[in-house]
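Single-letter residue listing:
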Amino acid sequence: MTIKVENLSKIYKLYDKPIDRLKESMHPFKKKYHRDFYALRDIKFEIARGETVGIIGKNGSGKSTLLKIVAGVLSPSSGTVKVDGKVSALLELGTGFNPELNGIENIYFSGTIMGYTREAIDKKLDNIISFADIGDFIYQPLKTYSSGMFVRLAFAVATNIDPEILIIDEALAVGDMFFQAKSMTHMKKMMDSGVTVIFVSHDTGAIKSLCKQAILLDSGILVDYDRADKIEEKYFALKVMSEQKVVQKEIIKNEQFDNENNCKIKSETWALAFSNNSDFQKRASYQRIQNGKANFVNVQLLDENDNQINHVDYEQLVTLRMAVEVCEDIHMMAFGYHIRDVNGVYIVYSDSIIENKSLNYPKKGDRYIIDWKFRVSLKDGTFNIICVLSIPINLTMGQVDFCDFIPLAVQFQVLPKKISRLYGGVHWENEVIITNI
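The model shown is predicted, which means the values in this text are computed figures rather than measured ones.

1. Description of the overall build of the chain
Step number 1: Along the chain, the regular secondary structure elements total 12 helices and 19 strands.
Step number 2: For the chain, the spread of C-alpha atoms along the three principal axes comes to 85 × 80 × 40 Å.
Step number 3: Looking at the chain as a whole, 44% of its 437 residues qualify as buried.
Step number 4: For the chain, long-range pairs separated by at least 24 residues make up 70% of all intrachain contacts whose partners lie at least 6 apart in sequence.

Right, dumping it as structure tokens:
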């Protein structure tokens with residue numbers, strides 16, 4: 001193992017008043033004036049050489065504390081951390097740099113702290129300056145840098161001195177879009193070369209695209225350590241449960257839609273959509289989130305003849321059919337879907353806000369069939385469809401009340417494109433104009 005963490009805890013003493021610290025230190029009978037705060041509690045995991053592991057969790061869950069201990073910046077209160085290899089860490093802005101020194105001086109300063117000789121840094125200096133690309137600011141004191149320039153220099157130092165273990169804590173969120181893309185490409189190159197990477201980010205898309213495994217922390221406790229896509233689902237569920245009321249419903253049985261209800265159904269299409277749904281309900285129960293205000297009764301992927309399918313030809317026209325039931329009066333209901341690949345990376349997204357098709361003032365007992373029609377211009381492979389019903393609260397902040405969130409509503413297989421192969425993840429129509437002059 002490259003990194004082995006066993007029974008790791010980090011405890012901070014919290015005092016209500018500054019004077020209490022002095023009282024405690026001078027009390028003849030060692031009276032306690034503090035209370036213990038566990039930033040980390042009994043953490044245990046192992047990371048093999050060459051693995052890339054993401055760490056996600058809400059603010060205050062202990063992510064940065066864990067990385068600092070692994071990087072050797074903090075000492076644990078109890079437990080052990082064994083690290084086998086040269087560590088390069090890009091932690092919160094300011095760590096390992098001196099604001100009074102210029103960029104060149106800080107390259108040597110930071111490299112020395114990491115354990116590299118001046119001769120070793122000399123060999124890497126040109127690569128670091130070129131990658132940071134901050135111009136003449138490299139000769140200016142660090143205190144004059146913007147946060148973007150700082151992270152450019154810090155990332156360039158951390159990744160260009162041939163580390164065996166790279167630790168990155170949220171820093172890339174500060175850089176501009178071009179530098180973020182450049183950094184991601186460089187990180188993937190390092191991963192391919194066998195560098196062990198621990199990566200903390202609130203961007204679950206970045207976690208899933210970069211990491212095969214991920215760790216979920218909550219209030220200093222390791223909730224789970226599993227595949228990145230599974231951890232992302234658990235993180236999302238924890239986040240929703242902490243922000244809104246969530247109810248757990250039993251799987252709806254076919255008997256719910258008995259003959260009396262079927263008499264009210266207006267057509268055969270409705271009958272098929274609102275019945276024969278036991279397979280859907282079983283599949284949808286995986287990490288489903290509901291608040292009891294509205295729910296999906298069924299979700300189907302259909303061909304042009306309304307036959308349910310799970311194998312799709314390239315560019316085949318399909319219908320994603322959602323059968324929705326409203327359980328209480330709502331001022332506005334939005335709905336949407338995400339398509340993601342087998343690694344959990346989001347490929348396609350749309351919702352009723354984007355399409356200007358949201359439902360205004362749906363009433364208790366209302367039922368809707370919502371059809372999404374599109375051509376599947378995806379690379380061959382396995383894909384999952386996430387389906388969402390929500391009540392918008394603050395669209396500017398992206399805040400919604402989730403009525404029904406189903407991580408696995410539909411799974412389907414796209415067959416290979418005939419004649420020529422599709423190398424990108426998705427293809428769209430192009431107008432190609434050739435002019436001979």
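Once the structure has been displayed, the description carries forward.
2. As for the packing of aromatic side chains
Step number 1: Per the stated rule, a full pass over the model turns up 13 aromatic pairs.
Step number 2: Arranged with centres 5.0 Å apart and planes meeting at 75°, the rings of Tyr-337 and Trp-372 form a pair that is edge-to-face. Of the two residues, Tyr-337 is situated in strand S14 (residues 332-341) and Trp-372 in strand S17 (residues 367-375); the sequence distance between them amounts to 35 residues.
Step number 3: Here Tyr-337 and Phe-374 contribute two aromatic rings whose centre-to-centre distance is 5.5 Å and whose plane-to-plane angle is 15°, an arrangement assigned as stacked. Of this pair, Tyr-337 sits in strand S14 while Phe-374 sits in strand S17; the two residues are 37 residues apart in sequence, bridging distant segments of the chain.
Step number 4: Aromatic ring contacts, followed pair by pair, group Phe-335, Tyr-337, Trp-372 and Phe-374 into a single cluster.
Step number 5: Note that Arg-41 overlies the ring of Tyr-38, its terminal NZ or CZ placed 3.7 Å from the centroid.
Step number 6: For Lys-182, the ring lying beneath its charged end belongs to Phe-131, and the centroid distance is 4.5 Å.

3. Focus on the pairing of strand S1 (residues 3-15)
Step number 1: Note that S1 and strand S4 (residues 78-83) share 5 bridges and pair antiparallel. The residue of S4 that forms the bridge with Ser-9 is Ser-78.
Step number 2: Direction of pairing for S1 relative to strand S2 (residues 34-47): antiparallel, over a ladder of 10 bridges. Bridging from a neighbouring strand, Lys-13 pairs with Asp-36 of S2.

4. Some thoughts on the environment of Ala-120
Step number 1: Here Ala-120 shows up in helix H4 (residues 118-132).
Step number 2: Note on Ala-120: relative accessible area 29%, which makes it partly exposed.
Step number 3: Taking C-alpha positions, Ala-120 is 9.8 Å from Tyr-108, a pair spaced 12 residues apart along the chain.

5. What about the nonpolar core?
Step number 1: The biggest cluster of nonpolar side chains holds 43 residues, and the ones touching the most others in it are Ile-107, Leu-153, Met-187 and Phe-199.
Step number 2: It is helix H5 (residues 147-159) that contributes the most residues to this core, 8 residues altogether.
Step number 3: If we skip the residues at most four places from it in the chain, Ile-107 touches Ile-121, Leu-125, Ile-128, Ile-129, Ile-138, Leu-153 and Val-157.
Step number 4: Core analysis: the next-biggest nonpolar cluster, separate from the first, contains 35 residues, Ile-309, Val-324, Val-326 and Leu-378 among them.

6. Observations concerning the layout of surface pockets
Step number 1: What the largest pocket holds in volume is close to 870 Å³.
Step number 2: Elements supplying a minimum of two residues to the lining of the largest pocket: helix H8 (228-243), S14, strand S15 (346-351), strand S18 (381-394) and strand S19 (399-414).
Step number 3: Take the lining of the largest pocket: its biggest share by element is 6 residues, from H8.
Step number 4: Tallied by class, the residues present in the lining of the largest pocket amount to 16 nonpolar, 8 polar and 5 charged.
Step number 5: Counted as a void, the second largest pocket has a volume near 520 Å³.

7. Describing the environment of Ile-138
Step number 1: Mapped onto the elements of the fold, Ile-138 is located in the loop between H4 and H5.
Step number 2: The residues contacting Ile-138, other than those within four sequence positions of it, are Asn-102, Gly-103, Ile-104, Ile-107, Ile-129, Tyr-145 and Leu-153.

8. Let's talk about the sheet that holds S1
Step number 1: The strand order S2-S1-S4 describes an open sheet built from 3 strands, whose pairing is antiparallel. Here the strands that pair on one side only, and so sit at the sheet edges, are S2 and S4. If you compare each strand with its neighbour and ignore which way they point, the axes differ by 25° on average.
Step number 2: Relative to the sheet, helix H2 (residues 63-71) contacts S1, S2 and S4, its axis offset from that of S1 by approximately 120°.

9. Details of the pattern of salt bridges
Where charged atoms from two side chains of opposite charge approach closely, those side chains can pair.
Step number 1: Under the definition given, this model contains 17 salt bridges.
Step number 2: Close ionic contact of Glu-46 with Lys-4 constitutes a salt bridge, the shortest N to O distance being 3.7 Å. Here the residue Glu-46 occupies a position in strand S2, and Lys-4 occupies one in strand S1, the gap between them amounting to 42 residues.
Step number 3: Linking Asp-404 and Arg-288 is a salt bridge whose minimum nitrogen-to-oxygen distance equals 2.6 Å.

10. Side note on unusual backbone geometry
For residues that are not glycine, phi is negative in most cases, and the peptide bond is trans in most cases.
Step number 1: With a phi angle near 55°, Ser-219 is a residue other than glycine that sits in the positive phi range.
Step number 2: Following the sequence through the fold, Ser-219 ends up in the loop between strand S8 (213-218) and strand S9 (221-227).
Step number 3: Accessibility expressed as a relative area gives 52% for Ser-219, which makes it exposed.
Step number 4: At Asn-356, a residue that is not glycine, the phi angle is positive and equals roughly 55°.
Step number 5: Structurally, Asn-356 can be placed in the loop between helix H12 (352-355) and strand S16 (359-360).

Criteria and cut-off values
Residues numbered from 1 in each chain as written. Predicted model: local features only at pLDDT ≥ 70, side-chain atom pairs only at ≥ 80, totals over all residues. Heavy atoms only, no water. Helix = DSSP H or I, 4+ residues; strand = E, 2+ residues; numbered from the N terminus. Buried < 20%, exposed > 50% of the residue type's maximum accessible area, 1.4 Å probe, protein only. Contact = heavy atoms within 4.5 Å. Phe/Tyr/Trp six-rings, centres within 6.5 Å; stacked < 30°, edge-to-face > 60°. Lys NZ or Arg CZ within 6 Å of the ring centre and 35° of its normal. Pairing = 2+ DSSP bridges. Core = buried A, V, L, I, M, F, W, Y, C linked by side-chain atoms within 4.5 Å. 1 Å grid on protein atoms, 1.4 Å probe; cavity = no way out; pocket = protein on both sides within 12 Å on 5 of 7 lines; lining within 4 Å. Points joined across faces, edges and corners; volume = space filled by probe spheres on them. Nonpolar A, V, L, I, M, F, W, Y, C, P; charged D, E, K, R; others polar. Axes fitted to C-alpha atoms, helices over the stretch in contact; angles between N-to-C directions. Salt bridge = Lys/Arg side-chain N within 4 Å of Asp/Glu carboxyl O.

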